[in-house]
Amino acid sequence: MAKLTKSFHRALWAFHINSGSCNGCDIEIVAALTPRYDVERFGIKLVGSPRHADVLLVTGPVTRKMAKEVRRVYEQTPDPKVVIGVGVCGMSGCVFYESYNLVGPLSEIIPVDVWVPGCPARPEAIIQGVTKAWEKLESLRGKK
Amino acid sequence: MGLDFFLFSILFVFLTMGLGLVVALFIRGIDRKLTAHMQARIGPPLRQPFLDIGKLFGKDTIIPENSIPWLYNLAPIACFASAATLLFYIPLGSLDSVLAGRGDLVLLTYLLLLPSLALTLGGFASGSPYATVGAQREMVTMVSYEFPIIIGVVALAWQMTMLFPFDPNLYAFSLSAFSAHLVWAEVGLFGWVGLALILFVFLLVTTGELAKVPFDVGEAETEIAGGLLAEYSGRNLALFYLGDCIKAVAMGGIIVAIFFPFNLSPLLSISGLQANAVDLLFFFVKIIIVLFFSLMLIRVGVARLKINQVVDVQWFTFSLICIVGLLLVWVDPWLSPVLGILGG
Ligand code: SF4
């Protein structure tokens, strides 16, 4: 059903899930919206509900309690969608490495399209991650 | 009324509709751009709303399991349709509206309520606790902004019926009558102050009517996840988006038609099609200026009110200002001449 129209990657709406992060990455995501970086000029905005989202920004190492919720939010997001893992946490656990409470990495819970490493990831890196997501969307459109 | 008239009307309806849609989205683009500039950001391009709509129509439309599907799907269409109907009542510059003479300001206040009502229904039908809370909040705001609006409308209608007391054929308070007779010119000093008060309240009530900051308690993204719209996605969300944009233009258009029905063409001494085009452009510019004061400036300046504060502000403060305005308009015919004698 879902079509990848041309306007798609110029109007990405992002939903932010915190799966147990230390809040460092979350603040950097908000920093990307501030006047200094202003991602709204690329049509990106943060939305309050996964139903409106095209991009899921997942921060944190996925704790045992949050795994179910992350999966659920992923399923609630309408297709086509892109998942961006922000921060090293989701990749390896970072400072929470080998904690008894983790079920990550994130890629074992939901399919991740783009990784943005960093602890925390810098706003520039997050913006670059979004451009990587554009590339991915464009290649998907090419296939159709 | 032959076939020609019928065809012409249909053509006019489609033209108004298409123009209204494009202008509404464009104005939303200007809105976002200006807001961004006021916050020292660059902001999205002017065509961003078009891209948003294009994207939303391309997305999946999810119907939640515990929703009421027919109502859930009907609400966005009802919202869009009722908002679009508003457009047909607004005189576009020097052109008369499509439905001129078939409804007046009182009907318009009811029509203005319908998109919000559709939103509320959709919120209840989507079966999510967030949406239900949002819908209840929206109902409370709807009740609270209706009162000041209706007082303002009564004052304006009062003014108009005094102009045409005994003419049953004239729709005394249709928007076309307002455009034809400048309300400011018909009153003395007291009425002038009264009308200014009513205009002030109308500008602020527009914000509440469109559920924008500081009155956006029903959508409140940061507390209740988009509230009414929490479950909506894809095409349904796009229709709500369009309905919201059109309603903003309609509300701005109503204020312009009542309070600022000036046209440029008499000044430039042009006529015919050219004049209509110039007036139309000027009309949209006026709408943007009105919306600048009632949406953008307020949104950048203040944060969201609490739900009880919304009701307090709209019921008490706005209604009080409107009642004072109504009284001033009422006493104007007697007091202003007295003032003139004293002054002279
Ligand atoms: S990557 Fe670092 S900053 Fe980001 S959530 Fe993990 S620990 Fe915090």
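See above for the structure.
Now for a look at the structure at hand. (Residues numbered from 1 in each chain as written. Chains lettered and ligands numbered in written order. Predicted model: local features only at pLDDT ≥ 70, side-chain atom pairs only at ≥ 80, totals over all residues. Heavy atoms only, no water.)

1. A word on the packing of aromatic side chains
Residue and element names in this part refer to chain B.
Logical step 1: Using the criterion set out here, one finds eight aromatic pairs over all chains in the structure.
Logical step 2: Here the aromatic rings of Tyr-72 and Tyr-232 are separated by 4.3 Å at their centres, their planes lie at 5°, and the arrangement is stacked. Here Tyr-232 lies in the loop between helix H9 (221–224) and helix H10 (234–259) and Tyr-72 lies in helix H3 (residues 69–87), a separation of 160 residues in the sequence.
Logical step 3: A relative accessible area of 0% means that Tyr-232 is categorised as buried.
Logical step 4: A centroid spacing of 5.5 Å and a plane angle of 80° characterise the contact between Phe-292 and Phe-293, whose relative ring orientation is edge-to-face.
Logical step 5: One aromatic cluster is present, built from ring pairs that chain together Tyr-72, Tyr-232 and Phe-240. (Phe/Tyr/Trp six-rings, centres within 6.5 Å; stacked < 30°, edge-to-face > 60°. Helix = DSSP H or I, 4+ residues; strand = E, 2+ residues; numbered from the N terminus. Buried < 20%, exposed > 50% of the residue type's maximum accessible area, 1.4 Å probe, protein only.)

2. Considerations on helix H4 (residues 105–125) of chain B
Residue and element names in this part refer to chain B.
Logical step 1: With 21 residues, H4 should cover 30 Å at 1.5 Å per step; its first-to-last C-alpha distance of 31 Å lies within 8% of that length.
Logical step 2: Largest kink in H4: about 25°, centred on Pro-115.
Logical step 3: Phi turns positive one or two residues past the end of H4, at Gly-127, with a value near 65°. (Expected span 1.5 Å × (residues − 1). Bend = angle between axes of the 7 residues up to and from the residue.)

3. Let's talk about the pattern of salt bridges
Logical step 1: Tallied over the entire structure, the rule returns nine salt bridges over all chains.
Logical step 2: For A:Asp38, the salt bridge identified is with B:Arg41, shortest N-O distance 3.0 Å. Of the two residues, A:Asp38 is situated in the loop between helix H1 (24–31) and strand S2 (45–46) and B:Arg41 in the loop between helix H1 (3–38) and helix H2 (48–58); the pairing between them involves two chains.
Logical step 3: A relative accessible area of 12% means that B:Arg41 is categorised as buried.
Logical step 4: Here A:Glu40 ties to B:Arg32 by a salt bridge, and the two come within 2.9 Å at their closest N and O atoms. With A:Glu40 in the loop between H1 and S2 and B:Arg32 in helix H1, the pair connects residues from two separate chains. An identical accessibility class is assigned to A:Glu40 and B:Arg32; each is buried.
Logical step 5: By sharing partners, the salt bridges in this structure join A:Asp38, A:Glu40, B:Arg32, B:Arg41 and B:Asp52 into a single network. (Salt bridge = Lys/Arg side-chain N within 4 Å of Asp/Glu carboxyl O.)

4. What to know about the interface of chain A and chain B
One widely used convention gives an interface's size as the accessible area the parts lose upon coming together.
Logical step 1: Taken together, the contact pairs 30 residues of chain A with 28 residues of chain B.
Logical step 2: Where chain A touches chain B, the interface holds five salt bridges.
Logical step 3: Grouping the constituent residues of the side of chain A that touches chain B by class yields twelve nonpolar, nine polar and nine charged. (Contact = heavy atoms within 4.5 Å. Nonpolar A, V, L, I, M, F, W, Y, C, P; charged D, E, K, R; others polar.)

5. Side note on the site of the ligand
Logical step 1: Every residue near the ligand is listed here: A:Ser21, A:Cys22, A:Gly24, A:Cys25, A:Gly87, A:Val88, A:Cys89, A:Val95, A:Gly118, A:Cys119 and A:Pro120.
Logical step 2: Here the shell around the ligand is built from residues that sort into seven nonpolar, four polar and no charged. (Near = heavy atom within 4 Å.)

6. Describing the packing of H3(B) against H4(B)
All names here are of chain B.
Logical step 1: Packing of H3 against H4 leaves a shortest axis separation of 8 Å and a crossing angle of 165°. As far as their axial angle goes, H4 and H3 are roughly antiparallel. In terms of crossing hand, the pair formed by H3 and H4 is left-handed. Counting all contacts with H3, which are made through Leu-71, Tyr-72, Ala-75, Ala-78, Cys-79, Ser-82, Ala-83, Thr-85 and Leu-86, the residues of H4 involved are Leu-108, Leu-111, Leu-112, Leu-114, Pro-115, Ala-118, Leu-121, Gly-122 and Ala-125. (Axes fitted to C-alpha atoms, helices over the stretch in contact; angles between N-to-C directions. Parallel < 35°, antiparallel > 145°, perpendicular 65-115°, else oblique. Left-handed = near helix turned anticlockwise from the far one by under 90°.)

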